[in-house]
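Overview (structure and organization)
Single-letter residue listing:
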Amino acid sequence: MGIDVAAVREDFPALADGTAFFDGPGGTQTPRQVAGAVADAMCSGVSNRGTVTAAEHRAEAAVRDGRQAMADLLGCDPRGVVFARSATQATYDVSRALAKEWAPGDEVVVTRLDHDSNIRPWVQAAEAAGAAVRWAGFDPESGELTVDHVRAALGPRTRLVAVTGASNVLGTRPDLPALAEAVHEAGALLYVDGVHLTPHAPVDLAALGADFFMCSPYKFLGPHHGVLAASPALLEPLSPDKLLPSADEVPERFELGTLPYELLAGTTAAVDYLASLASIAPDRRTRVLESMRALERHEAALFARLLDGLARIEGLRLYGAPERRTPTAYFTVGGVPGRAVHEQLARRGVNAPASHFYALEASRHLGLGDAGAVRAGLAPYTNADDVDRLLDGLAEIAAAAQR
């Protein structure tokens, strides 16, 4: 089966006004099935989790179903799925818990390619523990982050390497299995920011070699919160700061306060929606894998159309040309400030913002400073007409700038 984009678009109320959304890397639009699941959860009788009343059972089911849905999406054990307010918050929580065992002389490796949410928590945790921070660069021309880049930063006291599964600005997809092998040979843990990878490719934690994997449902058609996945055995020795009466079990030990049951219901619906894109297999994990592979093929073809069009626009500069990437383009248009490009496209009903998008180190490494560039990313609801409208708008902006 392939992706029926026309049918998909019918499920997204936000598309009714004709806007072409290329801002999916910052958060996708939401299908009515997900919004309906959130509304149903909020309108049903729900209370704190328990085993007595129907309301308590509904809350328990929302959590249980959400963990299983994310396990099916990521190919992991549901007992290792942790829900958080955001990916940033969960990374801070894990970094602080791990840093309790770090000492002066230990080292942590971060990369210039990453979103700051997978850099600053580790830098700050290392500083608090007296550990050193080592940086892995990337090739600013190709946008590639290689095993050699990371291996050069590894040492005998490396405790953890934090790396992106896909750059949220360049789309670069590092070779995670090869990185994991190098990191584990050094005796360190691998923490993967999968926020930008998960919406665009099938994920299997064991195959990737990630010890910790972070993602955000609102990047793949779901509600706003974060999800951390890891082996329960890896989480068990960690002692995050928590309230005395709160649960000591994993994964509840890492979940501070009452969980947002309506958002978990929406997350389950988002996974179900993704799984239905191109598969009718009997089990959800198989549906997820088949649908995400189909989505990957579809987006690759549409992205090729976008890249071909961008290459034809005089004065437009595209940053990075990684061999494996998500459908994400990062570019400047002549001497036109990124904000102005963003505004002019918006007047044409095309949403493609400009910024460093919290990949501040990457933006600086690319020579773009703190201003960054324009970013355009594809989503399951993007079609060829959207791409052509973006290209037409950029061509007009570039032509006007040269006059």
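Just above, that's the structure.
Summary of the structure given here. (Residues numbered from 1 in each chain as written. Predicted model: local features only at pLDDT ≥ 70, side-chain atom pairs only at ≥ 80, totals over all residues. Heavy atoms only, no water.)

Description of helix 14 (residues 384–402)
Spelled out, the test is: Think of it this way: any DSSP run of H or I at least four residues long counts as a helix, any run of E at least two long counts as a strand, and we number them from the N terminus. Residue count minus one, scaled by 1.5 Å, sets the expected span of a helix. For every residue, the accessible area (1.4 Å probe, protein chains only) is compared with the maximum for its type, and the residue is labelled buried under 20%, exposed over 50%, or partly exposed between those bounds. The arc in question is the one traced by the directions running from the helix axis out to the C-beta atoms. Any pair of nitrogen or oxygen atoms within 3.5 Å is treated as a polar contact; in protein, a donor-acceptor pairing is required on top of that, and neighbouring residues in sequence qualify only through side-chain atoms on both sides.
Taking 1.5 Å per residue, 19 residues should reach 27 Å; helix 14 reaches 27 Å between its end C-alpha atoms and fits that length. Among the residues making up helix 14, those that are buried are D386, V387, L390, L391, G393, L394, I397 and A398. Taken down its axis, helix 14 places every buried residue within 165° of arc, on the same side. The residue sitting at the N-terminus of helix 14 and contributing the capping side-chain oxygen is N383; that oxygen lies 3.3 Å from the backbone nitrogen of D385.

Some thoughts on the pairing of strand 3 (residues 107–111)
Inclusion rule: Between any two strands, pairing holds if DSSP finds at least two bridges.
Counting buried positions over the five residues of strand 3 gives five, a clear majority of the element. Judged by which residues are buried, strand 3 turns out to be covered on both faces: E107, V109 and T111 on one side and V108 and V110 on the other are all buried. Relative to strand 4 (residues 132–136), strand 3 runs parallel, the two sharing five bridges. Residue pairing in the sheet places V110 in a bridge with W135 of strand 4.

Looking at the sheet that holds strand 12 (residues 354–355)
Strand order in this open sheet of four strands is 9-10-13-12, and the pairing throughout is antiparallel. What marks the edges here is a single partner per strand, and that holds for strand 9 (316–318) and strand 12. Where strand 9 lies against strand 10 (residues 328–333), three bridges are found, and the strand directions are antiparallel. Within strand 10, the position partnered with L316 by the bridge is V333.

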